[in-house]
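For reference, the chains in residue letters:
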Amino acid sequence: MLPWTDRKGQISPLKLIVFLALFGPVLWVAWQGWQGDLAPKPVNEAIHQIGSWTVRLLLISLAVTPLRSIVHWPRLVDVRRMLGVGAMAYALLHFALYILDQGGDLWRVASEIVLRIYLTIGFVALLGLVALGATSTDGMVRRLGAVRWNKLHRTIYLLTVLSLAHSFLQSKVDVTEPVLMTGLFLVLMGHRALHKRGFRGMASLAGLAIACAVLTALIEAGWYAAKTGVDAGRVLAANLTIDISMRPSMWVLLAALALVPLRFLGERRSPTRVAQPVARPSRA
Ligand code: HEM
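First, a word on what this report is: a plain description of the structure on this page. (Residues numbered from 1 in each chain as written. Predicted model: local features only at pLDDT ≥ 70, side-chain atom pairs only at ≥ 80, totals over all residues.)

This paragraph deals with the site of the ligand. The environment of the ligand is made up of 23 residues, and the closest members are His48, Gly51, Gly122, Ser163 and Ser167. Contributions of two or more residues to the shell around the ligand are made by α3 (42-70), α4 (80-101), α6 (117-134) and α9 (156-170). Broken down by element, the residue count for the shell around the ligand peaks at 7 residues, all from α3. The residue inventory of the shell around the ligand, partitioned by class, reads 11 nonpolar, 11 polar and 1 charged. (Near = placed C-beta within 6 Å. Helix = DSSP H or I, 4+ residues; strand = E, 2+ residues; numbered from the N terminus. Nonpolar A, V, L, I, M, F, W, Y, C, P; charged D, E, K, R; others polar.)

Further remarks concern the packing of helix α10 (residues 176-196) against helix α13 (residues 248-257). Axis separation between α10 and α13 bottoms out at 9 Å; the angle between their running directions is 30°. The pairing of α10 with α13 is recorded here as roughly parallel in orientation. Like other packed secondary-structure pairs, α10 and α13 cross with a definite hand, here right-handed. Facing α10, whose interface residues are Thr176, Val179, Leu180, Gly183, Leu184 and Val187, α13 presents Pro248, Ser249, Trp251, Val252, Ala255 and Ala256. Per-class residue counts for the contact of α10 with α13 are 9 nonpolar, 3 polar and no charged. (Axes fitted to C-alpha atoms, helices over the stretch in contact; angles between N-to-C directions. Parallel < 35°, antiparallel > 145°, perpendicular 65-115°, else oblique. Left-handed = near helix turned anticlockwise from the far one by under 90°. Contact = placed C-beta atoms within 7 Å.)

Taking 1.5 Å of rise per residue, 12 residues should cover 16 Å, and helix α2 (residues 24-35) covers 16 Å from first to last C-alpha, within 8% of that figure. Counting buried positions over the 12 residues of α2 gives 1, only a small fraction of the element. Positive phi appears at Gly36, one or two residues downstream of α2, with a value of about 80°. (Expected span 1.5 Å × (residues − 1). Buried ≥ 20, exposed ≤ 12 C-beta atoms within 10 Å, placed from the backbone.)

See the structure below:
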(Lines give C-alpha, C1' and ligand atoms only; values in the text may rest on other atoms or scores of the structure.)
Protein backbone atom coordinates (compact mmCIF):
# COMPACT_ATOMS: atom_id res chain seq x y z
CA MET A 1 0.00 0.00 0.00
CA LEU A 2 1.42 3.39 -1.00
CA PRO A 3 1.29 6.22 1.57
CA TRP A 4 -1.38 8.04 -0.43
CA THR A 5 -3.67 5.10 -1.14
CA ASP A 6 -6.46 3.74 1.04
CA ARG A 7 -7.02 0.14 2.04
CA LYS A 8 -8.72 -0.56 -1.28
CA GLY A 9 -5.63 0.68 -3.13
CA GLN A 10 -7.38 3.83 -4.38
CA ILE A 11 -5.89 7.33 -4.11
CA SER A 12 -7.10 9.06 -0.95
CA PRO A 13 -7.08 12.86 -1.46
CA LEU A 14 -6.73 13.39 2.31
CA LYS A 15 -3.70 11.09 2.55
CA LEU A 16 -2.15 12.58 -0.57
CA ILE A 17 -2.49 16.14 0.76
CA VAL A 18 -1.01 15.23 4.14
CA PHE A 19 1.80 13.25 2.50
CA LEU A 20 2.78 16.19 0.31
CA ALA A 21 2.38 18.68 3.18
CA LEU A 22 4.88 16.68 5.24
CA PHE A 23 7.60 17.70 2.80
CA GLY A 24 6.74 21.40 3.20
CA PRO A 25 8.85 22.25 6.28
CA VAL A 26 11.98 20.41 5.12
CA LEU A 27 11.75 21.97 1.65
CA TRP A 28 11.28 25.39 3.25
CA VAL A 29 14.39 24.91 5.40
CA ALA A 30 16.36 23.70 2.36
CA TRP A 31 15.17 26.71 0.38
CA GLN A 32 16.26 29.10 3.15
CA GLY A 33 19.64 27.37 3.22
CA TRP A 34 19.93 27.70 -0.57
CA GLN A 35 19.08 31.41 -0.34
CA GLY A 36 21.64 31.94 2.43
CA ASP A 37 18.89 32.87 4.90
CA LEU A 38 20.14 30.44 7.56
CA ALA A 39 23.47 32.27 7.96
CA PRO A 40 25.68 32.67 9.92
CA LYS A 41 25.28 29.09 11.22
CA PRO A 42 23.13 27.31 8.63
CA VAL A 43 23.39 23.81 10.09
CA ASN A 44 22.60 24.98 13.61
CA GLU A 45 19.66 27.02 12.37
CA ALA A 46 18.43 23.99 10.41
CA ILE A 47 18.74 21.85 13.57
CA HIS A 48 16.50 24.35 15.36
CA GLN A 49 13.88 24.58 12.65
CA ILE A 50 13.69 20.83 12.03
CA GLY A 51 13.60 20.19 15.81
CA SER A 52 10.68 22.59 16.17
CA TRP A 53 8.86 20.85 13.34
CA THR A 54 9.42 17.48 14.96
CA VAL A 55 7.54 18.63 18.05
CA ARG A 56 4.82 20.29 15.97
CA LEU A 57 4.30 17.10 13.97
CA LEU A 58 4.16 15.05 17.15
CA LEU A 59 1.40 17.31 18.43
CA ILE A 60 -0.43 17.28 15.09
CA SER A 61 -0.38 13.47 15.13
CA LEU A 62 -1.71 13.50 18.71
CA ALA A 63 -4.45 15.94 17.65
CA VAL A 64 -5.93 13.51 15.13
CA THR A 65 -7.97 11.44 17.59
CA PRO A 66 -9.47 14.43 19.48
CA LEU A 67 -10.30 16.20 16.21
CA ARG A 68 -11.81 13.04 14.82
CA SER A 69 -14.29 12.87 17.65
CA ILE A 70 -14.89 16.64 17.89
CA VAL A 71 -15.81 17.04 14.21
CA HIS A 72 -17.22 13.53 13.80
CA TRP A 73 -14.82 12.71 10.99
CA PRO A 74 -13.67 9.10 11.53
CA ARG A 75 -11.63 9.06 8.29
CA LEU A 76 -9.13 11.45 9.84
CA VAL A 77 -7.58 8.43 11.53
CA ASP A 78 -6.23 7.40 8.11
CA VAL A 79 -3.50 10.03 8.34
CA ARG A 80 -2.45 9.47 11.97
CA ARG A 81 0.16 6.85 11.24
CA MET A 82 1.62 8.92 8.41
CA LEU A 83 1.93 11.95 10.68
CA GLY A 84 3.63 9.87 13.39
CA VAL A 85 6.09 8.41 10.92
CA GLY A 86 6.63 11.93 9.56
CA ALA A 87 7.53 13.13 13.07
CA MET A 88 10.00 10.26 13.38
CA ALA A 89 11.58 11.15 10.03
CA TYR A 90 11.99 14.78 11.13
CA ALA A 91 13.55 13.63 14.42
CA LEU A 92 16.03 11.48 12.48
CA LEU A 93 16.86 14.40 10.19
CA HIS A 94 17.33 16.65 13.23
CA PHE A 95 19.76 14.10 14.66
CA ALA A 96 21.57 13.69 11.31
CA LEU A 97 22.03 17.48 11.14
CA TYR A 98 23.46 17.41 14.65
CA ILE A 99 25.97 14.74 13.57
CA LEU A 100 26.85 16.91 10.58
CA ASP A 101 27.30 19.90 12.90
CA GLN A 102 29.74 17.83 14.95
CA GLY A 103 31.80 17.17 11.82
CA GLY A 104 30.54 13.57 11.57
CA ASP A 105 32.57 12.64 14.65
CA LEU A 106 30.37 9.89 16.11
CA TRP A 107 32.55 9.45 19.18
CA ARG A 108 32.07 13.12 20.02
CA VAL A 109 28.34 12.85 19.34
CA ALA A 110 28.08 9.87 21.70
CA SER A 111 30.03 11.59 24.47
CA GLU A 112 27.96 14.78 24.12
CA ILE A 113 24.78 12.70 24.42
CA VAL A 114 26.12 11.14 27.62
CA LEU A 115 27.37 14.42 29.08
CA ARG A 116 24.55 16.84 28.25
CA ILE A 117 21.27 16.01 29.86
CA TYR A 118 19.15 17.77 27.21
CA LEU A 119 20.82 15.65 24.52
CA THR A 120 20.37 12.47 26.59
CA ILE A 121 16.65 13.24 26.89
CA GLY A 122 16.41 14.04 23.17
CA PHE A 123 18.19 10.82 22.28
CA VAL A 124 15.86 8.70 24.42
CA ALA A 125 12.90 10.39 22.73
CA LEU A 126 14.44 9.68 19.34
CA LEU A 127 14.98 5.99 20.15
CA GLY A 128 11.38 5.76 21.33
CA LEU A 129 10.04 7.35 18.16
CA VAL A 130 12.10 4.98 16.01
CA ALA A 131 10.70 2.02 17.98
CA LEU A 132 7.15 3.27 17.39
CA GLY A 133 7.88 3.94 13.71
CA ALA A 134 9.34 0.46 13.26
CA THR A 135 6.26 -1.15 14.80
CA SER A 136 3.70 0.88 12.89
CA THR A 137 3.44 -1.40 9.86
CA ASP A 138 0.32 -3.56 9.42
CA GLY A 139 2.50 -6.64 9.81
CA MET A 140 3.86 -5.48 13.17
CA VAL A 141 0.37 -4.55 14.36
CA ARG A 142 -0.74 -8.12 13.60
CA ARG A 143 2.36 -9.66 15.14
CA LEU A 144 2.11 -7.69 18.39
CA GLY A 145 -1.67 -7.93 18.69
CA ALA A 146 -3.92 -4.94 19.31
CA VAL A 147 -3.51 -4.89 23.11
CA ARG A 148 0.29 -4.98 23.16
CA TRP A 149 0.50 -2.64 20.18
CA ASN A 150 -1.73 -0.06 21.88
CA LYS A 151 0.24 -0.36 25.11
CA LEU A 152 3.51 0.22 23.28
CA HIS A 153 2.18 3.11 21.23
CA ARG A 154 0.78 4.84 24.29
CA THR A 155 4.41 5.68 25.12
CA ILE A 156 3.99 8.44 22.53
CA TYR A 157 2.73 10.66 25.38
CA LEU A 158 5.88 10.09 27.40
CA LEU A 159 8.04 10.62 24.31
CA THR A 160 6.28 13.92 23.66
CA VAL A 161 6.93 15.00 27.25
CA LEU A 162 10.62 14.11 26.78
CA SER A 163 10.70 16.07 23.51
CA LEU A 164 9.19 19.08 25.25
CA ALA A 165 11.68 18.78 28.12
CA HIS A 166 14.54 18.60 25.59
CA SER A 167 13.33 21.73 23.83
CA PHE A 168 12.87 23.63 27.13
CA LEU A 169 16.32 22.66 28.38
CA GLN A 170 18.15 23.63 25.19
CA SER A 171 16.56 27.11 25.21
CA LYS A 172 18.94 29.84 26.17
CA VAL A 173 16.54 32.66 27.07
CA ASP A 174 13.35 32.59 25.02
CA VAL A 175 11.00 29.71 25.83
CA THR A 176 8.01 30.99 23.86
CA GLU A 177 7.86 28.00 21.50
CA PRO A 178 8.34 25.25 24.15
CA VAL A 179 5.73 26.94 26.37
CA LEU A 180 3.29 27.17 23.48
CA MET A 181 3.83 23.52 22.52
CA THR A 182 3.42 22.46 26.16
CA GLY A 183 0.16 24.40 26.39
CA LEU A 184 -1.17 22.72 23.25
CA PHE A 185 -0.08 19.35 24.58
CA LEU A 186 -2.05 20.08 27.76
CA VAL A 187 -5.13 20.79 25.63
CA LEU A 188 -4.76 17.42 23.88
CA MET A 189 -4.19 15.51 27.11
CA GLY A 190 -6.98 17.41 28.84
CA HIS A 191 -9.35 16.58 26.01
CA ARG A 192 -8.42 12.92 26.28
CA ALA A 193 -9.14 12.94 30.03
CA LEU A 194 -12.47 14.73 29.62
CA HIS A 195 -13.54 12.53 26.71
CA LYS A 196 -12.82 9.40 28.72
CA ARG A 197 -15.03 10.67 31.55
CA GLY A 198 -17.89 11.53 29.20
CA PHE A 199 -17.42 15.34 29.16
CA ARG A 200 -17.79 15.88 25.42
CA GLY A 201 -19.87 19.03 25.06
CA MET A 202 -18.98 22.58 24.07
CA ALA A 203 -18.98 23.82 27.68
CA SER A 204 -16.35 21.23 28.63
CA LEU A 205 -14.18 22.34 25.72
CA ALA A 206 -14.50 25.99 26.72
CA GLY A 207 -13.57 25.11 30.32
CA LEU A 208 -10.61 23.11 29.07
CA ALA A 209 -9.43 26.08 26.98
CA ILE A 210 -9.46 28.42 29.97
CA ALA A 211 -7.78 25.90 32.31
CA CYS A 212 -5.01 25.15 29.78
CA ALA A 213 -4.40 28.84 29.09
CA VAL A 214 -4.01 29.54 32.81
CA LEU A 215 -1.68 26.56 33.24
CA THR A 216 0.38 27.69 30.25
CA ALA A 217 0.79 31.17 31.75
CA LEU A 218 1.83 29.62 35.08
CA ILE A 219 4.37 27.34 33.37
CA GLU A 220 5.87 30.28 31.50
CA ALA A 221 6.05 32.47 34.60
CA GLY A 222 7.45 29.60 36.69
CA TRP A 223 10.14 28.80 34.11
CA TYR A 224 11.34 32.39 33.81
CA ALA A 225 11.28 32.86 37.58
CA ALA A 226 13.33 29.70 38.15
CA LYS A 227 15.76 30.14 35.27
CA THR A 228 16.28 33.90 35.07
CA GLY A 229 14.87 35.26 38.32
CA VAL A 230 12.36 37.44 36.43
CA ASP A 231 9.41 38.35 38.65
CA ALA A 232 6.66 35.78 37.95
CA GLY A 233 4.02 38.47 38.55
CA ARG A 234 5.39 40.53 35.66
CA VAL A 235 5.33 37.56 33.30
CA LEU A 236 1.78 36.72 34.35
CA ALA A 237 0.74 40.34 33.85
CA ALA A 238 2.17 40.20 30.30
CA ASN A 239 -0.35 37.44 29.68
CA LEU A 240 -3.19 39.86 30.27
CA THR A 241 -2.16 42.39 27.63
CA ILE A 242 -1.41 42.16 23.93
CA ASP A 243 0.44 45.50 23.86
CA ILE A 244 3.81 43.86 23.24
CA SER A 245 2.99 40.48 21.74
CA MET A 246 0.58 37.59 22.15
CA ARG A 247 1.89 35.32 24.91
CA PRO A 248 1.71 31.51 24.40
CA SER A 249 -1.22 31.27 26.85
CA MET A 250 -3.30 33.46 24.53
CA TRP A 251 -2.53 31.29 21.52
CA VAL A 252 -3.41 28.22 23.57
CA LEU A 253 -6.70 29.84 24.58
CA LEU A 254 -7.52 30.73 20.96
CA ALA A 255 -6.54 27.31 19.61
CA ALA A 256 -8.54 25.47 22.25
CA LEU A 257 -11.55 27.78 21.93
CA ALA A 258 -11.54 27.10 18.18
CA LEU A 259 -12.55 23.56 19.12
CA VAL A 260 -15.91 24.85 20.40
CA PRO A 261 -17.32 25.91 16.98
CA LEU A 262 -15.75 22.79 15.48
CA ARG A 263 -17.67 20.73 18.01
CA PHE A 264 -20.83 22.64 17.12
CA LEU A 265 -20.31 21.83 13.43
CA GLY A 266 -19.51 18.23 14.32
CA GLU A 267 -22.77 17.90 16.23
CA ARG A 268 -24.68 19.33 13.30
CA ARG A 269 -22.95 16.99 10.87
CA SER A 270 -23.83 13.99 12.95
CA PRO A 271 -26.01 14.86 15.94
CA THR A 272 -26.77 11.36 17.10
CA ARG A 273 -23.68 9.45 16.11
CA VAL A 274 -20.73 9.24 18.44
CA ALA A 275 -17.38 8.78 16.65
CA GLN A 276 -17.19 5.09 15.84
CA PRO A 277 -14.21 3.17 17.16
CA VAL A 278 -11.97 1.97 14.34
CA ALA A 279 -11.02 -1.66 13.97
CA ARG A 280 -7.34 -0.73 13.93
CA PRO A 281 -5.42 -0.23 17.17
CA SER A 282 -5.96 3.29 18.39
CA ARG A 283 -4.15 5.85 20.43
CA ALA A 284 -5.92 8.98 21.58
C1 HEM B 1 12.40 13.12 19.31
C2 HEM B 1 13.59 13.66 19.47
C3 HEM B 1 13.87 15.14 19.42
C4 HEM B 1 13.03 16.21 19.34
C5 HEM B 1 11.52 16.22 19.26
C6 HEM B 1 13.85 17.40 19.35
C7 HEM B 1 13.36 18.69 19.30
C8 HEM B 1 14.13 19.83 19.43
C9 HEM B 1 13.61 21.16 19.53
C10 HEM B 1 12.14 21.52 19.52
C11 HEM B 1 14.65 22.00 19.63
C12 HEM B 1 14.57 23.50 19.80
C13 HEM B 1 14.35 24.22 18.52
C14 HEM B 1 14.22 25.71 18.76
O15 HEM B 1 13.64 26.12 19.77
O16 HEM B 1 14.70 26.50 17.94
C17 HEM B 1 15.86 21.22 19.59
C18 HEM B 1 17.12 21.73 19.65
C19 HEM B 1 18.24 20.95 19.57
N20 HEM B 1 18.29 19.58 19.53
FE21 HEM B 1 16.74 18.31 19.49
N22 HEM B 1 15.15 17.02 19.44
C23 HEM B 1 15.21 15.66 19.49
C24 HEM B 1 16.34 14.88 19.57
C25 HEM B 1 17.61 15.37 19.53
C26 HEM B 1 18.81 14.58 19.51
C27 HEM B 1 18.84 13.04 19.56
C28 HEM B 1 19.86 15.44 19.46
C29 HEM B 1 21.32 15.14 19.41
C30 HEM B 1 21.88 14.19 20.03
C31 HEM B 1 19.33 16.79 19.44
C32 HEM B 1 20.08 17.93 19.39
C33 HEM B 1 19.60 19.20 19.45
C34 HEM B 1 20.44 20.38 19.43
C35 HEM B 1 21.95 20.41 19.34
C36 HEM B 1 19.59 21.49 19.51
C37 HEM B 1 19.99 22.96 19.50
C38 HEM B 1 20.63 23.35 20.81
C39 HEM B 1 21.42 24.63 20.72
O40 HEM B 1 21.55 25.24 19.66
O41 HEM B 1 21.97 25.02 21.74
N42 HEM B 1 17.96 16.70 19.48
N43 HEM B 1 15.50 19.89 19.47
